[in-house]
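Structural features, examined
Residue-level listing of the chains:
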Amino acid sequence: MTGDEGTRSWSSSRPDEGPKPVGLRALPRPVAVAVGGGGVVGAAQVGVGHALEQRGFVPDLIIGTSVGALNGAIAAARPGQAAAWLDHVWTHARRREVFPLGCLSSRASIFADRGLRRLIARAELPSRIEQLEVPFTAVAMDLATGAQALLDHGDLESALLASAAIPGVLPPVDREGRRLVDGGVVAFVPVRAALQAGAASVVVLSAGRESWPLRPTVPPRRADAVAARAGLLLLHHQIERDLQEVSRQIPTVVVPTGIETWPAPWDFGHSQRLIDTASLAAGRFLDGLRVSGPGLYRADEPPVPSAGLDMARTASASEAGR
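Criteria and cut-off values
- Throughout this description, residue numbers start from 1 for each chain and increase along the sequence as written.
- It should be noted that, the model being predicted, local features are given only for residues of pLDDT at least 70 and side-chain atom pairs only at 80 or more, the latter also being counted only at that level, while totals for whole chains, interfaces and linings use all residues.
- Each side-chain value is worked out from all heavy atoms of the structure, with water and hydrogens disregarded.
- Here a strand is any run of E in DSSP of at least two residues, a helix any run of H or I of at least four, and the numbering for each starts at the N terminus.
- Whether a residue is buried, partly exposed or exposed follows from its accessible area with a 1.4 Å probe, protein chains only, as a fraction of its type maximum: under 20%, in between, or over 50%, in that order.
- Residue contacts are defined here by distance: any two heavy atoms, one from each residue, within 4.5 Å place the two residues in contact.
- Accessible areas in this description were obtained via Shrake-Rupley with a 1.4 Å probe; residue shielding takes into account the shown protein chains only.
- A pairing counts as a salt bridge when a side-chain nitrogen of Lys or Arg comes within 4 Å of a carboxyl oxygen of Asp or Glu.
- Side-chain rings of Phe, Tyr and Trp, where Trp is taken by its six-membered ring, are said to pair if the distance between their centres is within 6.5 Å; with planes under 30 degrees apart they count as stacked, over 60 as edge-to-face, and otherwise as tilted.
- Any Lys NZ or Arg CZ that is within 6 Å of a ring centre and within 35 degrees of that ring's normal is treated as a charge sitting over the ring.
- Residue count minus one, scaled by 1.5 Å, sets the expected span of a helix.
- All axes here are fitted lines through C-alpha atoms, helices being fitted over the stretch that makes contact, and every angle between N-to-C directions spans 0 to 180 degrees.
- Put simply, angles under 35 degrees are roughly parallel, angles over 145 are roughly antiparallel, angles from 65 to 115 are roughly perpendicular, and the rest are oblique.
- Rotating anticlockwise by less than a right angle from the far helix to the near helix defines a left-handed crossing, while the corresponding clockwise rotation defines a right-handed one.
- Under this rule, positive means Lys or Arg and negative means Asp or Glu; His and the chain ends count for nothing.
- Here a polar contact means two N or O atoms within 3.5 Å. Within protein one must be a hydrogen donor candidate and the other an acceptor candidate, and residues neighboring in sequence count only if both atoms are side-chain atoms.
- In this context, the arc is that of the directions from the helix axis out to the C-beta atoms.
- Working definition of a nonpolar core: buried Ala, Val, Leu, Ile, Met, Phe, Trp, Tyr and Cys residues. They are joined through side-chain atoms within 4.5 Å.
- As a per-residue measure, pLDDT tells how confident the predictor is, with possible values from 0 to 100.

Section: the overall build of the protein
- Summing up its helical and strand segments, the protein has 10 helices and 9 strands in all.
- Within the span of the protein, comprising 322 residues, buried residues form 53% of the whole.
- When contacts within the protein are restricted to residue pairs at least 6 apart in sequence, long-range pairs at least 24 apart make up 78% of them.
- Carbon and sulfur atoms form 54% of the exposed surface of the protein, whose accessible area is close to 14,900 Å².

Let's talk about the environment of Arg 107
- With respect to the helices and strands, Arg 107 occurs in the loop between α4 (95-98) and α5 (114-122).
- Residue Arg 107 is classed as exposed on the basis of its relative accessible area of 88%.
- Taking the C-alpha atoms as reference, Arg 107 lies 8.8 Å from Gly 168; in sequence the two are 61 residues apart.

Focus on the pattern of salt bridges
- Counted under the stated rule, the structure contains 10 salt bridges.
- Here Asp 60 ties to Arg 29 by a salt bridge, and the two come within 2.9 Å at their closest N and O atoms. Taken together, the residues Asp 60 in the loop between α1 (41-54) and β2 (61-65) and Arg 29 in the segment before β1 (31-35) connect sequence positions 31 residues apart.
- A salt bridge links Arg 175 to Glu 176, with the shortest nitrogen-to-oxygen separation between them at 3.8 Å.
- Residue classification places Arg 175 among the buried residues on the basis of a relative accessible area of 6%.

Some remarks on the environment of Val 46
- Within the fold, Val 46 resides in helix α1.
- Exposure remark for Val 46: the relative accessible area of 2% places this residue in the buried category.
- In this structure the C-alpha to C-alpha distance between Val 46 and Gly 72, which are 26 residues apart in sequence, comes to 10.0 Å.

Observations concerning the packing of aromatic side chains
- Summed over all chains, the structure comprises 0 aromatic pairs.
- The aromatic ring of Trp 85 is capped on one face by Arg 78, whose charged end is 3.9 Å from the ring centroid.

Let's talk about α1
- The first and last C-alpha atoms of α1 sit 20 Å apart over 14 residues, in line with the 20 Å expected at 1.5 Å per residue.
- Burial of α1 is extensive: 11 of the 14 residues sit out of reach of the surface.
- Turning to α1, its buried residues number three or more, namely Val 41, Gly 42, Ala 43, Ala 44, Gln 45, Val 46, Gly 47, Val 48, Gly 49, Ala 51 and Leu 52.
- In this structure, the buried side of α1 is in contact with β1, α2 (67-77), α3 (83-92), β7 (201-205) and α9 (271-287).
- At the exit of α1 stands Gly 56, carrying a positive phi of roughly 75 degrees.

Looking at the packing of α5 against helix α6 (residues 156-163)
- Contact geometry for α5 and α6: axes closest at 11 Å, N-to-C directions at 130 degrees. Overall, the two elements α5 and α6 adopt an arrangement that is oblique. For the element pair α5 and α6, the recorded crossing hand is right-handed. Contact residues: Leu 116, Arg 117 and Ile 120 in α5; Glu 157, Leu 160 and Leu 161 in α6.

Some points on the side chain of Asp 142
- Topologically, Asp 142 is positioned in strand β3 (residues 136-142).
- An unpaired buried charge is present at Asp 142: no salt bridge exists, and Arg 178, the closest side chain of opposite charge, is 4.4 Å distant.
- One polar contact links the side chain of Asp 142 to the main-chain amide nitrogen of Thr 145, over a distance of 3.4 Å.

Re α5
- Among all positions in α5, only Gly 115, Leu 116, Leu 119 and Ile 120 are buried. An end-on view of α5 places all buried positions within 140 degrees of arc, on one side of the element.
- Trailing α5 by a residue or two, Glu 124 shows a phi angle of about 55 degrees, which is positive.

Focus: the nonpolar core
- Counting 65 residues, the largest nonpolar core has Phe 136, Leu 160 and Val 203 as the members making the most contacts within it.
- Val 203 has contacts with Leu 24, Leu 27, Val 31, Ala 32, Val 33, Ala 34, Phe 57, Val 253 and Val 255, leaving out every residue within four places of it along the chain.

What to know about the confidence of the model for the protein
- Looking at the protein, pLDDT values average 81 and 77% of them are 70 or higher.
- Per-element confidence in the protein is highest for β3, whose mean pLDDT is 98, and lowest for helix α10 (residues 307-319), whose mean pLDDT is 35.
- Contacts from residues 1-16, a stretch scored under 50 in pLDDT, to residues over four places away or in other chains number 35 contacts.
- Residue range residues 304-322 is modelled with pLDDT below 50. Its contacts to residues more than four positions away, or to other chains, number 30 contacts.

Put into structure tokens, the structure is as follows:
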């Protein structure tokens, strides 16, 4: 894990001030948690949440995009006690419940949002954002202007639906005079929103493979593979740009998941595996974390693919319809 060299330390070196804080305690307050998008990446976020809760960490504010908005809202409603609840939500979720086939919404989307509404209802959240225990913001995008929409007050359900409204897949949400869609289009990992909200440091939960340096590959030829590769590159460059911009100003900690090979974004059948793997990897990283001023703190190398997760990738197509 690394930080920018030459930046000032947040801890004084004077001997009369005692030992310097280490790990999460060294992060200057207020500290935000930025929870990114990515479908099944949300299960890995639960594993990271387990590791944070085990170390007594409670953020001062939470910013979430897409699936990260739902996870973040649940964490904001139950600070320090959300991981077990989220574990249950993710290990019981199935693709056909969230994206039910045959439920055409309108000309604006392939699916209706009934499944997502049911998932939000089962989370037993308050009706308004202001009623959450920890200050919370859901990030969406204004479809008219392309601007980032920061939803930090008002109706909570519509904010979560807007943040997760994948363009063309789930219906846009009309809220306060704006038509809103998935915030991942403009802020897949919402660290800039965390800085804008006044954070003095930020912990990122948890970026998927898009956040790692991408390995060169033979250019794909099939249309679906070309589109997938281009989408991956687009997200990677957006994430790196935002992380670099914010880390020049405040400590930015990207907590690893230990996962290199991911199932399909809509395949919830491997949630338990992702939760367990991420919890272990995040815990090891956090125990060795040392923060010394603004900079980007993350694992030095991306994780190595495991045989189990390679098997998960090949099995994802058969299990996606569960």
